[in-house]
Amino acid sequence: MTDVTITVNGREMKGSVEDRTLLVQFLRENLGLTGTHVGCDTSQCGACVVHVDGKAVKSCTMLAVQASGSSVTTIEGLANGQELHPVQAAFREHHGLQCGYCTPGMIMTAVDMIERHGSSLDEETVREELDGNICRCTGYHNIVKAILAAAGASQAPAMAAE
Amino acid sequence: MYETSYHRPSSLAEATQLAAEKGDEAKYLSGGMTLIPTMKQRLAAPEALIDLRHVGELKGISVNGRSIRIGGGTTHAEVATNEEIKSVCPGFAALAGLIGDPAVRHMGTVGGSVANFDPAADYPAALLALGGTIHTDKREIPADEFFQGLFETALDEGEIVTAVSFDAPDQCAYEKFRNPASRYAMCGVFVAKRADGVKVGVTGAGASGAFRWSDGEQALSGNFAPEAVDGLTVPEGDMVSDIHGSSAYRANLVKVVTKRAVKKAHSH
Ligand SMILES: Cc1cc2nc3c(=O)[nH]c(=O)nc-3n(C[C@H](O)[C@H](O)[C@H](O)COP(=O)(O)OP(=O)(O)OC[C@H]3O[C@@H](n4cnc5c(N)ncnc54)[C@H](O)[C@@H]3O)c2cc1C
Ligand code: FES
Ligand code: FES
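The rules behind these values
Residues numbered from 1 in each chain as written. Chains lettered and ligands numbered in written order. Predicted model: local features only at pLDDT ≥ 70, side-chain atom pairs only at ≥ 80, totals over all residues. Heavy atoms only, no water. 1 Å grid on protein atoms, 1.4 Å probe; cavity = no way out; pocket = protein on both sides within 12 Å on 5 of 7 lines; lining within 4 Å. Points joined across faces, edges and corners; volume = space filled by probe spheres on them. Helix = DSSP H or I, 4+ residues; strand = E, 2+ residues; numbered from the N terminus. Nonpolar A, V, L, I, M, F, W, Y, C, P; charged D, E, K, R; others polar. Contact = heavy atoms within 4.5 Å. Buried area = accessible area lost by both parts, 1.4 Å probe. Salt bridge = Lys/Arg side-chain N within 4 Å of Asp/Glu carboxyl O. Polar contact = N/O pair within 3.5 Å; in protein donor to acceptor, adjacent residues only side chain to side chain. Buried < 20%, exposed > 50% of the residue type's maximum accessible area, 1.4 Å probe, protein only. UniProt positions renumbered as here; feature names shortened; annotations may be inferred.

Chain B is annotated in an unreviewed UniProt entry as Carbon monoxide dehydrogenase from Jiella pacifica.

An unreviewed UniProt entry annotates chain A as 2Fe-2S iron-sulfur cluster binding domain-containing protein of Jiella pacifica.

Colleague: Got a minute to help me understand empty space enclosed by the protein in this structure?
Modeller: In this approach, a probe sized like a water molecule rolls over the atoms, and the result shows the empty space that is left. The tally for this structure, following the rule as stated, stands at 1 cavity of 30 Å³ or more. The volume enclosed by the largest cavity comes to roughly 40 Å³. What lines the largest cavity is simply A:Ala56, A:Lys58, A:Thr109, A:Glu129, A:Gly132, A:Asn133, B:Asp101, B:Pro102 and B:Ala103. Among the elements of the structure, strand E4 (55–58) of chain A together with helix H6 (102–107) of chain B are those that each provide at least two residues to the lining of the largest cavity. Within the lining of the largest cavity, the residues separate by chemical class into 3 nonpolar, 3 polar and 3 charged.

Colleague: So what exactly am I meant to see when it comes to the interface of chain A and chain B here?
Modeller: Size of an interface: often given as the accessible area lost when the parts come together. Taken together, the 25 residues of chain A in the interface contact 29 residues of chain B. For the pair chain A and chain B, the two sides together bury roughly 2,300 Å², of which 55% comes from carbon and sulfur. Considering only the surface of chain A that becomes buried against chain B, A:Arg20, A:Gln66 and A:Asp131 emerge as the three largest contributors, covering 27% of it. Between chain A and chain B we count 4 salt bridges in total. With its nearest N and O atoms 3.8 Å apart, the salt bridge here joins B:Arg178 to A:Asp131. Across the contact surface, chain A and chain B share 10 residue pairs in polar contact (both at pLDDT 80 or more).

Colleague: Whenever I open this one, the pattern of salt bridges confuses me. Can you help?
Modeller: When the charged atoms of two side chains with opposite charge come close together, those side chains can pair. Applying the stated rule across the entire model yields 19 salt bridges over all chains. Taking the shortest distance from any N to any O, the salt bridge between B:Asp156 and B:Arg139 comes out at 3.9 Å. Taken as a pair, B:Asp156 in the loop between strand E9 (152–153) and strand E10 (161–167) and B:Arg139 in the loop between strand E6 (133–136) and strand E7 (140–142) lie far apart in primary sequence, 17 residues in all. What makes B:Asp156 partly exposed here is its relative accessible area of 42%. Accessibility expressed as a relative area gives 33% for B:Arg139, which makes it partly exposed. Via salt bridges that share partners, A:Glu128, A:Asp131, B:Arg178 and B:Arg183 belong to a single interconnected network.

Colleague: I keep staring at the UniProt feature "domain: FAD-binding PCMH-type" (unreviewed entry) in chain B and nothing clicks. Help me out?
Modeller: Feature annotation in UniProt assigns "domain: FAD-binding PCMH-type" (unreviewed entry) to the following positions: residues 1–171 of chain B. From the first C-alpha to the last, residues 1–171 of chain B spans 45 Å; its make-up is 35% helix and 23% strand.

Colleague: What is the right way to look at the side chain of A:Gln66 in this model?
Modeller: Within the fold, A:Gln66 resides in the loop between E4 and strand E5 (71–73). Within the local environment of A:Gln66, its side chain forms a polar contact with the backbone nitrogen of A:Leu63, the two atoms lying 2.7 Å apart. Look past the residues within four positions of A:Gln66 in its chain and what remains in contact with it is B:Tyr6, B:Arg8, B:Leu29, B:Ser30, B:Ile36, B:Asp51, B:Arg53 and B:Met107.

Right, here's the structure in full:
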């Protein structure tokens, strides 16, 4: 067992974990932060995306011990009290989810994408950068629409389903 | 995942010493984007993991004129967005931006990718075509000698890839024909043109990993245009054959993707 200290959503959290514990297990099982999901065994679906030191990463493909000393933001850390984060609000507004399983990962990926590209984000880039996030419900159209809306992109996506 | 023990050295010396102590039960852990999925599937079960992400000597990109050196611990995202690499060797930066997805690019490293030498990894195609050099804690190895076969490199046990380096060519480009499900290359081709000729590195298609397509190189050195390879045939016997495509399909892809890469090199 190894002691880890990870700042999660702004609060310093300590725990003792087996070295093989994945970051996502630590978040869900030790801290009870079950907003971060696990959708695959192959690092491909993106349901588990969180931010580690400000960058989107797959928490199913990182050990908790690797994240010791880092700052982690999960989906639970985005809203400001009752007020949704703008990307969360845009997903609601544009119907960017159905069952919601992929949504935490989609939103964490979207926030990271918007931070890197800002309002220069265009539809092609959004679709390209959603490569590592799989949604089996929505067909992606409204997810793309929500992300572009949240980014304040000037061009509305031509292909989005109404 | 089987049990393991985690170690976090902060220097190259400390990392290699740990590796020497733990012997063949230890594995370096860099971005973990290959090793951790493999451990989760129980295809690898190292007793000790030596994390290289906190080793300062592996960090950093330096560009001097047209000479580029990229530390082994540099992430794909850092390569893809580096302004200096983008300006002197746009084909290489573009290749890094096509690896996996943004989350994979935030963690995965150049050193991990070349050390692992997956038969569909992207960097090896570029380093072969660029005549690159792989630097380790012990020596410098030309790419042509470093990449030896399926998941096989010239690395000795415990040897660390500290950097890769190359000179930017006059023109280059990478074209990747992706498997629609895994997004890895079914065939990826890097072409590099210099005054003394053209080199072509191919990944994803070859049965023993990335290789240089010498017939293509010869034809393109004479005429750096897509149609220069029209009359060539790629031997099927050297190609991968799997559920995603036969060896004949892949042999044809090598030609098609090379043509697209040449076209792209003219537009960079
Ligand atoms: C969903 C997904 C999609 C991907 N798509 C692509 C793709 O399209 N193209 C592509 O090329 N790759 C792809 N990858 C693989 C990715 O690029 C990995 O980052 C890379 O192959 C390994 O680098 P790493 O730093 O993650 O290494 P790790 O996984 O940490 O290590 C890999 C191996 O290399 C060894 N190692 C690591 N660093 C060093 C070093 N400096 N010196 C010596 N040995 C070392 C380790 O011991 C281990 O055996 C993908 C991965 C995932 C999860
Ligand atoms: S659970 Fe992490 S990528 Fe699928
Ligand atoms: S909303 Fe159901 S998987 Fe995306």
